[in-house]
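# Descriptive analysis of the structure
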Amino acid sequence: MPRPLPPAALWPLSLLVGVGVFALTNLVEPALPATLNFGTDYAAMAADPFGYVGSFPHRLLTPLFARALDEAARAFGGSLPYWQFAHGCTSAFLAMLFAAAHRLGATVPQALLLTLGLGFTGAVQLYKGHVGYPEPVTFALMLATVLAVRRSGWFWTLQLLNMLHHEQILFFWPWLCWWRRRHGARWRDDLVGGSVTLALYVGWRMHVGTHAKAQMLTLSHYLGLDYFPVGTLGLAALNLLAVFMWFGAMPLLLAWHVRRERFRDAGAPLLLFLFCQHAMFGVAHDVYRFTCFLFLPLLLAGLRLMQERRGPIVWTAFAVASAALVVWQRPVFVEVGVRVLTDTGPDGVPFVRPHIVADIVPKVIPAMPWTFAAYGAAALVTIAAALARANRST
């Protein structure tokens, strides 16, 4: 493993890489100058972080940070609109991706290749249009947690910060705890750290619940959903499509990684990660966002690939092909999205489905059989081919 750069050199370089890669990806997917849907809600919260406004006032971290930066900009006669802050968060995610790749064993050129490759996938490109959505910050804090694996205090502090940003990180606690076990952490430390983190978070949610007037995303809201099992199955089917739509040919590298390493070192953790990801489909339906969490297993697969003699060349080839495939599949993404969200009445006029998630299996999939069959076949053939050829040296 190469000797890592000292922090005084790594972090400024990481910021430069994050901004530079973000600018390069804009050549393919321009960053829009306005927030969208949830992003607009976060922007409203940033105007008054402790005003307990909107549907999810408990997600305090990012609006509070955005407000602080905007106040600092105003002190110098400027301002920081939330959409600019959001794109800055995506750049910060890319910076953390580069730093994590380097700290986890990649050389500086290899870390740059890994960042460039993942930068042209949906993990970044989706948020050029979905401006203000929470995932870039979730991803960055998740990577910081991965790096803090041997420091219990930092690990669980970052978990708390991530939960104060968005509670979706809770679904990945099983995988993150496995990551801790792999690096020698004790169960007792995680039992204490996890319990304290949960207690603080529950206390915050109870406090918000006594002040918020319009809060919608409460525990009772999620318990009232009836996604499981049919709706969850439909969302899992959409996730299969989204994996290839957002990551192109890169899923092939996951299969290679599983075969290259022992199953308990790569296969079992990947299955655990996928279980964590799919568990979200029991209570949330934004599949196209949650698919993007796959960047982390792909980063680990890329790090392993860099150890091979022609690993950087193979990664570059996959990255270029995947960037092209992501662009090429845009019309399919739009078509599937329209089919999922809308139906057509007897008069030929489209309308929004009243039961979007429940309709996926009985109505959407039968309406697009060849699309779902093609992606399903691509998944099976790709994985089978990868497993069959994985014993060969790269």
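Let us look at the structure shown here. Not measured: the values here are computed from a predicted model. (Residues numbered from 1 in each chain as written. Predicted model: local features only at pLDDT ≥ 70, side-chain atom pairs only at ≥ 80, totals over all residues. Heavy atoms only, no water.)

## Points about the overall build of the chain
For the chain, the helix and strand inventory stands at 20 helices and two strands. Relative to the 2.2 N^0.38 estimate, which gives 21 Å for 394 residues, the radius of gyration of the chain is 21 Å and therefore close to what a compact globule would have. Structurally, the chain occupies a C-alpha span of about 60 × 60 × 45 Å along its principal axes. In the chain, which comprises 394 residues, the share counted as buried stands at 48%. Taking as baseline every contact in the chain between residues at least 6 positions apart, the subset at least 24 positions apart corresponds to 75%. Accessible area of the chain: about 18,500 Å², with a carbon and sulfur share of 70%. For the chain, the distance from the average site of its 29 positive side-chain charges to the average site of its 18 negative ones is 14 Å. (Helix = DSSP H or I, 4+ residues; strand = E, 2+ residues; numbered from the N terminus. Rg over C-alpha atoms; globule rule 2.2 N^0.38 Å. Buried < 20%, exposed > 50% of the residue type's maximum accessible area, 1.4 Å probe, protein only. Contact = heavy atoms within 4.5 Å. Areas by Shrake-Rupley, 256 points an atom, 1.4 Å probe, with all protein chains shown as cover. Lys, Arg positive; Asp, Glu negative; His and termini not counted. Charge placed at Lys NZ, Arg CZ, Asp CG, Glu CD.)

## Some details on the layout of surface pockets
Taken as a whole, the largest pocket encloses approximately 1,000 Å³ of empty space. Residue lining of the largest pocket: 42 residues in total, with Arg103, Leu104, Trp179, His183 and Leu303 positioned closest to the centre. Sorting the residues of the lining of the largest pocket by element identifies α1 (7-25), α4 (82-103), α7 (135-147), α8 (152-165), α9 (173-182), α13 (251-260), α14 (263-279) and α16 (295-305) as the ones contributing at least two each. Partitioned by chemical class, the residues of the lining of the largest pocket number 29 nonpolar, six polar and seven charged. (1 Å grid on protein atoms, 1.4 Å probe; cavity = no way out; pocket = protein on both sides within 12 Å on 5 of 7 lines; lining within 4 Å. Points joined across faces, edges and corners; volume = space filled by probe spheres on them. Nonpolar A, V, L, I, M, F, W, Y, C, P; charged D, E, K, R; others polar.)

## Some remarks on empty space enclosed by the protein
Tallied over the full model, the rule gives one cavity of 30 Å³ or more. By volume, the largest cavity amounts to about 100 Å³. Looking at the largest cavity, it is lined by 17 residues, and the ones nearest its centre are Ala86, Cys89, Gly132, Tyr133 and Pro136. At the level of elements, α4 and α7 are the ones that each hand at least two residues to the lining of the largest cavity. Of the residues belonging to the lining of the largest cavity, the class tally is 11 nonpolar, six polar and no charged.

## A closer look at the pattern of salt bridges
Taken as a whole and judged by the stated rule, the model has 15 salt bridges. Two residues, Arg289 and Glu135, come together in a salt bridge whose shortest N-O distance is 2.7 Å. With a gap of 154 residues between them, Arg289 in helix α15 (residues 287-290) and Glu135 in helix α7 connect regions that are remote in the sequence. In this pair, the class of Arg289 matches that of Glu135, namely buried. Glu308 is paired through a salt bridge with Arg304; the nearest N and O atoms lie 2.8 Å apart. With relative accessibility at 16%, the residue Arg304 sits in the buried group. Salt bridges here are not isolated pairs; linked through shared partners, they connect Arg260, Glu261, Arg304 and Glu308. (Salt bridge = Lys/Arg side-chain N within 4 Å of Asp/Glu carboxyl O.)

## Quick word on the state of the cysteines
By the definition in use, this model includes zero disulfides. Between Cys89, a cysteine without a disulfide, and Cys292, which holds the nearest cysteine sulfur, the sulfur-to-sulfur distance is 16 Å. Under the relative-accessibility criterion, Cys89 is labelled buried at 12%. Between Cys177, a cysteine without a disulfide, and Cys276, which holds the nearest cysteine sulfur, the sulfur-to-sulfur distance is 9.5 Å. Residue Cys177 is classed as buried on the basis of its relative accessible area of 15%. (Disulfide = S-S within 2.5 Å.)

## Concerning a nonpolar patch on the surface
Side chains of Leu24, Leu27, Val28 and Val327 sit close together on the surface and give an oily, nonpolar patch of about 340 Å² of accessible area. Turning to its location among the elements, Leu27 is positioned in the loop between α1 and α2 (38-47). On the accessibility criterion, Leu27 (71% relative accessible area) is exposed. (Patch = residues over 30% accessible without salt bridge, like charges linked within 9 Å, V, L, I, M, F, W, Y side chains within 5 Å.)

## Looking at α8
Taking 1.5 Å of rise per residue, 14 residues should cover 20 Å, and α8 covers 20 Å from first to last C-alpha, within 8% of that figure. Of the residues making up α8, those classed as buried are Phe155, Trp156, Leu158, Gln159, Leu160, Asn162, Met163, Leu164 and His165. In this structure, the buried residues of α8 make contact with α2, α3 (61-75), α7, α9 and α10 (187-209). (Expected span 1.5 Å × (residues − 1).)

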